[in-house]
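Topology and contacts: notes
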Amino acid sequence: MADAPLIRRSPVPPCDCNLAKSFELVGDRWTLLILRSALYGMRRYDDFQTELELPRSVLSKRLAALVDRGIMERREYRDAGQRARAEYPLTEMGRTLGLPFMALTEWADRWLGDDKPPPLSLRSKGTGQ
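As a starting point, this report considers the structure included with it. (Residues numbered from 1 in each chain as written. Predicted model: local features only at pLDDT ≥ 70, side-chain atom pairs only at ≥ 80, totals over all residues. Heavy atoms only, no water.)

Brief notes about the pattern of salt bridges
One pass over the full model with this rule turns up ten salt bridges. Among the salt bridges present, the one from D46 reaches R85, with a minimum N-O distance of 2.5 Å. Placement of the pair is D46 in helix α3 (residues 45-52) and R85 in strand β2 (residues 85-87), with a sequence separation of 39 residues. Judged by its relative accessible area of 29%, D46 is partly exposed. The partner of E73 in a salt bridge is R75, and the shortest N-O contact between them spans 3.5 Å. Classification of E73 by relative accessible area gives partly exposed; the value is 32%. (Salt bridge = Lys/Arg side-chain N within 4 Å of Asp/Glu carboxyl O. Helix = DSSP H or I, 4+ residues; strand = E, 2+ residues; numbered from the N terminus. Buried < 20%, exposed > 50% of the residue type's maximum accessible area, 1.4 Å probe, protein only.)

Focus: the packing of helix α2 (residues 29-39) against helix α4 (residues 56-68)
Packing of α2 against α4 brings their axes to within 10 Å, and their N-to-C directions diverge by 70°. With respect to each other, α2 and α4 are oriented roughly perpendicular. Here W30, T31, I34 and L35 of α2 lie close against α4, whose contacting residues are V58, L59, R62, L63 and L66. A breakdown of the residues in the contact of α2 with α4 according to their chemical character gives seven nonpolar, one polar and one charged. (Axes fitted to C-alpha atoms, helices over the stretch in contact; angles between N-to-C directions. Parallel < 35°, antiparallel > 145°, perpendicular 65-115°, else oblique. Contact = heavy atoms within 4.5 Å. Nonpolar A, V, L, I, M, F, W, Y, C, P; charged D, E, K, R; others polar.)

Description of the nonpolar core
By size, the foremost hydrophobic cluster in this structure holds 20 residues, and its most contacted members are I34, L35, F48, L63, I71 and M72. Of all the elements in the fold, those that place two or more residues in this core are α2, α3 and α4. (Core = buried A, V, L, I, M, F, W, Y, C linked by side-chain atoms within 4.5 Å.)

Some details on unusual backbone geometry
Positive phi, close to 55°, is recorded for D114, a residue that is not glycine. Topologically, D114 is positioned in the segment after α6 (98-112). Residue classification places D114 among the exposed positions, given a relative accessible area of 64%. Look at D115: it is not a glycine, yet its phi comes out positive at around 60°. Structurally, the position occupied by D115 is in the segment after α6.

A look at the packing of aromatic side chains
Enumeration according to the criterion identifies zero aromatic pairs in this entry. Just above the ring of W30 sits the side chain of R29; from NZ or CZ to the centre is 4.5 Å. (Phe/Tyr/Trp six-rings, centres within 6.5 Å; stacked < 30°, edge-to-face > 60°. Lys NZ or Arg CZ within 6 Å of the ring centre and 35° of its normal.)

Comments concerning a nonpolar patch on the surface
Together, Y40, L99, M102, L120 and L122 line one region of the surface with nonpolar side chains, adding up to about 520 Å² of accessible area. Along the chain, the position of Y40 falls in the loop between α2 and α3. (Patch = residues over 30% accessible without salt bridge, like charges linked within 9 Å, V, L, I, M, F, W, Y side chains within 5 Å. Areas by Shrake-Rupley, 256 points an atom, 1.4 Å probe, with all protein chains shown as cover.)

Describing the packing of α3 against α4
For any two helices packed against each other, one specifies the crossing angle of their axes together with the interaxial distance. Packing of α3 against α4 leaves a shortest axis separation of 10 Å and a crossing angle of 125°. Classified by the angle their axes make, α3 and α4 are oblique. Crossing geometry of α3 relative to α4 is assigned as right-handed. Contacts between α3 and α4 involve Y45, D46, F48 and Q49 on the former and, on the latter, R56, L59, S60 and L63. (Left-handed = near helix turned anticlockwise from the far one by under 90°.)

Remarks on α6
Taking 1.5 Å per residue as the helical rise, α6 with its 15 residues ought to reach 21 Å, and the 20 Å between its terminal C-alpha atoms agrees with that figure. Of the residues trailing α6, D114 is marked for its positive phi of about 55°. (Expected span 1.5 Å × (residues − 1).)

Set out below in structure tokens:
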């Protein structure tokens, strides 16, 4: 395959590019890892903190930013005999990040997998494929 022709400027300046805007919205390491866990179904603050082992102050800031941006919502829940706590389900906007995350997973399985089988297989609920 031939190299793409050399260009000296992107066709869209970063300030007008929606892809660049998406990077600003979700592009830091901790936010991406929180979203990865949320896409697998995680919702509770303590579960995020336990799985990701990030400082509580960082988790609180990232979750608040995701709520402010409309990607997650904050809901109170209370287990029997316990104080009220927060959970953070994805909004529709957040759930639609599933497709780009699956594409990145497929890319990583191909290029970063060290020739091992992927640790996770994704299947369609409807067809089983």
